[in-house]
Amino acid sequence: MSIVPQEIPMDLPVIDLDVYLNNPVDSPEVKAECEKAAKALITYGALVLHDSRVAEKDNETFLDLLEDYFAQPEEELRKDERPELSYQIGVTLENTEKPKCAVDEPCLNVIQRLAPEERPLDISGHHPDPKCRFFWRMAEQPPYETKFPGLNADNVVPQAPHIKERWNPAMQQWGTSMKSAVEGLTEMAAVGLGLPAGTFKDAGKYGPHLLAPTASDLVKYGQKDTILAGFHTDLNFLTIHGRSRYPGLHIWARNTGKRITVKIPPGNYLLVQAGKQLEHITGGLIKAGFHEVVVNERTVEVIEKRKQQFPDRPLIRISSTFFWHLNSDHDLAPIPKLAEEAHRLRAEQFNLGRDEGEEKTYPPMKVGELVQEELKHIALMA
């Protein structure tokens, strides 16, 4: 049975973090904006976040640095690999990470329920993604001995002189901006769901948060309909993106059955998507958002435009991405009132003829256990 598209707008809701930061938490304005944020995550699994503290110039500096980094020879990049830590710090080179959905039956069923014209590009060959990634930890060291040291390792700093001197300032500046924004949203989402504001933020105080840019070589992989990151969800709590210089990100909003081409407005706007940890703790009330990155017509247009405007710059698509996590040692289990609401919503959708597939279970576990299980699926952990 195909998902019947729901009549909801295809533009993602815009949530204003400034309203939350600049007004009393019990004010009507804050209450309404927090409820809007929670509803957006339930309905779409994603939203656009406005935060006037975010500076676009910091993103531009970050993108320049990462383009220069990934333009280095492969032998230089390999110095920053840490496969013994499941690539959870430092660099991951292209054709390493595999899209889980290529062989994951529940995920394949999601694709099958979509109308053919709304499906992602075919990932059935289970080829690794032709993208590189760098993980830079933006975490507070826990005051206890974690059971998951591999997920909480020290950072790797590239040593090439033209990179090293710029690295820490640019990574910390942009990473801190995105981390502050997403932590504000965790409070808004909690309030909107009827929970104490610190419910999620406190559980992520010592989370192994990662500034996690990806890089795709558009000289090698710039042909239309090339899959740069196959259809997947993220294993963390919330993912936040700044604007990339090259379009190509598609997301699927829950219950719409529609592929949405993401457009982040210029300026101090960010895209936020729900991940697996948020789905688990809400008992499926909020679903992790499916997405892919591909070379589409607009990507090709921008490639040609940048060749003309910036002939000396590397032709590399950098994603400006941050993964916000709950603490690895946090006991992860659905919050009962949210799990009840998830059951009610699922029944409501079923009665409207919208098939969400087989009901998932969310057994109690440590957050680090969920992360390790997901890493095995995507071929980053033995």
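Residues numbered from 1 in each chain as written. Predicted model: local features only at pLDDT ≥ 70, side-chain atom pairs only at ≥ 80, totals over all residues. Heavy atoms only, no water.

An unreviewed UniProt entry lists the protein chain under the name Isopenicillin N synthase-like Fe(2+) 2OG dioxygenase domain-containing protein, from Neurospora intermedia. Its UniProt record, at the heading Sequence similarities (unreviewed entry), says of the protein chain: "Belongs to the iron/ascorbate-dependent oxidoreductase family." (UniProt positions renumbered as here; feature names shortened; annotations may be inferred.)

What follows is about the packing of aromatic side chains. Going through the model one piece at a time under the given rule, you end up with 11 aromatic pairs. Residues Phe 231 and Trp 252 carry aromatic rings whose centres are separated by 4.9 Å and whose planes lie at 90° to one another, so their mutual orientation is edge-to-face. Pair noted here: Phe 231 is in strand S7 (residues 227-232) and Trp 252 is in strand S9 (residues 249-252), with a separation of 21 residues, a long-range link. Each member of the pair, Phe 231 together with Trp 252, is buried. (Phe/Tyr/Trp six-rings, centres within 6.5 Å; stacked < 30°, edge-to-face > 60°. Helix = DSSP H or I, 4+ residues; strand = E, 2+ residues; numbered from the N terminus. Buried < 20%, exposed > 50% of the residue type's maximum accessible area, 1.4 Å probe, protein only.)

Running from N to C, helix H3 (residues 56-70) and helix H6 (residues 161-192) point in directions that differ by 140°, and their axes come no closer than 9 Å. Judged by the inter-axis angle, H3 sits oblique to H6. Both H3 and H6 take part in a crossing whose hand is left-handed. From H3, Asp 58, Asn 59, Thr 61, Phe 62, Asp 64, Leu 65, Leu 66, Asp 68 and Tyr 69 reach across to H6, where they touch His 162, Ile 163, Arg 166, Trp 167, Ala 170, Met 171, Gln 173, Trp 174 and Ser 177. The class makeup of the residues in the contact of H3 with H6 is 9 nonpolar, 5 polar and 4 charged. (Axes fitted to C-alpha atoms, helices over the stretch in contact; angles between N-to-C directions. Parallel < 35°, antiparallel > 145°, perpendicular 65-115°, else oblique. Left-handed = near helix turned anticlockwise from the far one by under 90°. Contact = heavy atoms within 4.5 Å. Nonpolar A, V, L, I, M, F, W, Y, C, P; charged D, E, K, R; others polar.)

In this section: the pairing of strand S6 (residues 214-217). Across 2 bridges, strand S4 (residues 132-137) lies against S6 in antiparallel orientation. Opposite Arg 133, over in S6, you have Thr 214 as the bridge partner. (Pairing = 2+ DSSP bridges.)

The next point concerns the pairing of strand S12 (residues 290-294). In terms of burial, S12 is largely enclosed, as 5 of its 5 residues are buried. With burial as the criterion, each face of S12 is covered, one bearing Phe 290, Glu 292 and Val 294 and the other bearing His 291 and Val 293. Where S7 and S12 come together, 3 bridges link them in antiparallel fashion. Across the sheet, Ala 229 pairs through a bridge with Val 293, a residue of S12. For S9 and S12, the ladder comprises 4 bridges, and the chain directions are antiparallel. When the sheet's bridge partners are listed, His 250 is paired in S12 with Glu 292.

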